[in-house]
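# Coordinates in review
Spelled out from the first residue to the last, the chains are:
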Amino acid sequence: AKDAGGDGYRTYDPSMHDALTRRLGLAADLRLAFEQDELVLHYQPKVDLRTGEIAGFEALVRWRHPARGMVPPLDFIGVAEATGLIVPLGRWVLTEACRQAVAWGRPLRMAVNLSVRQFEDGDVAGMVAEVLAETGMPPGQLCLEMTESVLLTDTDENLARIVSLKALGVVLAMDDFGTGYSSLAYLRRFPMDVLKIDRSFVDRLGGETEDEALVRTIVRLGQRFGMHTVAEGIENETQLAILREMGCDFAQGYLLSRPLPVGDATELLERGLPF
Ligand code: C2E
Ligand code: CA
Ligand code: CA
Ligand code: CA
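To keep things clear, this report deals only with the structure shown in the data block. The shown structure was predicted, so the numbers you read here are calculated from the model rather than taken from an experiment. (Residues numbered from 1 in each chain as written. Chains lettered and ligands numbered in written order. Predicted model: local features only at pLDDT ≥ 70, side-chain atom pairs only at ≥ 80, totals over all residues. Heavy atoms only, no water.)

## Considerations on the overall build of the protein chain
If you tally the helices and strands in the protein chain, you get eleven helices and nine strands. The C-alpha radius of gyration computed for the protein chain amounts to 19 Å, which stays within 12% of the reference 19 Å derived for 275 residues, consistent with globular compactness. Dimensions of the protein chain, computed from the C-alpha atoms along their principal axes, are close to 55 × 40 × 35 Å. Split by element, the accessible area of the protein chain, about 13700 Å² in all, is 52% carbon and sulfur. (Helix = DSSP H or I, 4+ residues; strand = E, 2+ residues; numbered from the N terminus. Rg over C-alpha atoms; globule rule 2.2 N^0.38 Å. Areas by Shrake-Rupley, 256 points an atom, 1.4 Å probe, with all protein chains shown as cover.)

Right under this line is the structure:
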């Protein structure tokens, strides 16, 4: 049993033991899945709100489980982070996404999620530089999406990491913007290029005016600091119209397209979106 440890366990109960066993089982299965190529990437388009064109994609990992079907990342990214598997897994995601962007042969931006664990593992900029070289990906076409939690710990070292990544010429995005702490202070310190407005704010657009004011403020903040804004989780026309009117730069969401397997994403690129 674990006593008051860092992860908040206080008393032991059998259901917790079951949960731990399940987690360990999942960790082993995931490692095997990774080795047996059961992970796949889906690609969700980002649309330029001025032109209506597909400006790029976000790569999102899925586990194609032989028995359970498509397992969403929220069911296994946490375990991958806890076990450290996220480091090789994340490198694989980055490589695969860059290869695909190069294969499409268009000036599209490819966004890849970078977890805190990956960001803090050794020389992250060196790792990214290797992947860029291996795949022939132009640095300016790669966008790394990081959450604010990346900026919260060990700031000097992490600032150095951000600066090294910037020096490669890759684009840096602040993911889930507005959901973390100290967002404003960190924006002055860290040279981010893009703000991604979290889905929870977009969800509430069209209802309360306070929520609309909040999103509008984020868009203005982006403009003021010379950062692009991307809104995620757009599910209806009202949200899209409001964001366009606000001057938000890019939009991503089920209304425009769900994340797609590579074949469907390629088809969509050839056909274009109906907007
Ligand atoms: P995220 O980075 O915030 O990614 C956006 C999530 O919102 C994706 O969920 C996407 O499918 C979903 N989404 C997009 N549009 C809509 C919409 O209109 N409505 C709703 N309800 N959802 C929408 P997904 O693919 O399940 O990924 C969940 C999270 O898992 C991601 O959140 C990201 O934090 C993490 N993740 C996914 N792929 C990777 C990866 O390769 N590496 C790492 N480190 N994390 C990843
Ligand atoms: Ca993201
Ligand atoms: Ca989000
Ligand atoms: Ca997220």
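## Brief notes about the pairing of strand 5 (residues 142–147)
Counted residue by residue, strand 5 has five buried out of six residues, so it is predominantly covered. As judged from the four bridges shared by strand 4 (residues 109–113) and strand 5, these two strands associate in the parallel manner. Its bridge partner being in strand 5, M110 is matched across the sheet by L142. Relative to strand 6 (residues 171–177), strand 5 runs parallel, the two being bridged by five bridges. Looking at the pairing, C143 lines up with V171 of strand 6. (Buried < 20%, exposed > 50% of the residue type's maximum accessible area, 1.4 Å probe, protein only. Pairing = 2+ DSSP bridges.)

## So, the site of ligand 1
Residues in close proximity to ligand 1 total 21 residues, the closest being Q44, R62, N113, E235 and Y254. In this structure, E58 approaches ligand 1 through a side-chain N or O atom, which is 3.3 Å from an oxygen atom. Side-chain polar atom of D176 to an oxygen atom of ligand 1: 3.4 Å apart, as the coordinates give it. Here ligand 1, which alone exposes 790 Å², has 86% of that area covered by the protein. At the level of elements, strand 2 (54–65) and strand 6 are the ones that each hand at least two residues to the shell around ligand 1. In terms of residue count, strand 2 provides more of the shell around ligand 1 than any other element does, four residues in total. A breakdown of the residues in the shell around ligand 1 according to their chemical character gives nine nonpolar, five polar and seven charged. (Near = heavy atom within 4 Å. Polar contact = N/O pair within 3.5 Å; in protein donor to acceptor, adjacent residues only side chain to side chain. Nonpolar A, V, L, I, M, F, W, Y, C, P; charged D, E, K, R; others polar.)

## A short note on the environment of E237
Residue position: E237 is located in helix 10 (residues 237–246). For E237, a relative accessible area of 48% translates into the label partly exposed. Considering only alpha carbons, one finds E237 and V131, 106 residues apart in sequence, at a separation of 38 Å.

## Looking at the packing of aromatic side chains
The full count for this structure, using the stated rule, is four aromatic pairs. Here Y43 and F57 contribute two aromatic rings whose centre-to-centre distance is 6.4 Å and whose plane-to-plane angle is 85 degrees, an arrangement assigned as edge-to-face. Note that Y43 is positioned in strand 1 (residues 39–48) and F57 in strand 2, a separation of 14 residues in sequence. Accessibility expressed as a relative area gives 2% for Y43, which makes it buried. (Phe/Tyr/Trp six-rings, centres within 6.5 Å; stacked < 30°, edge-to-face > 60°.)

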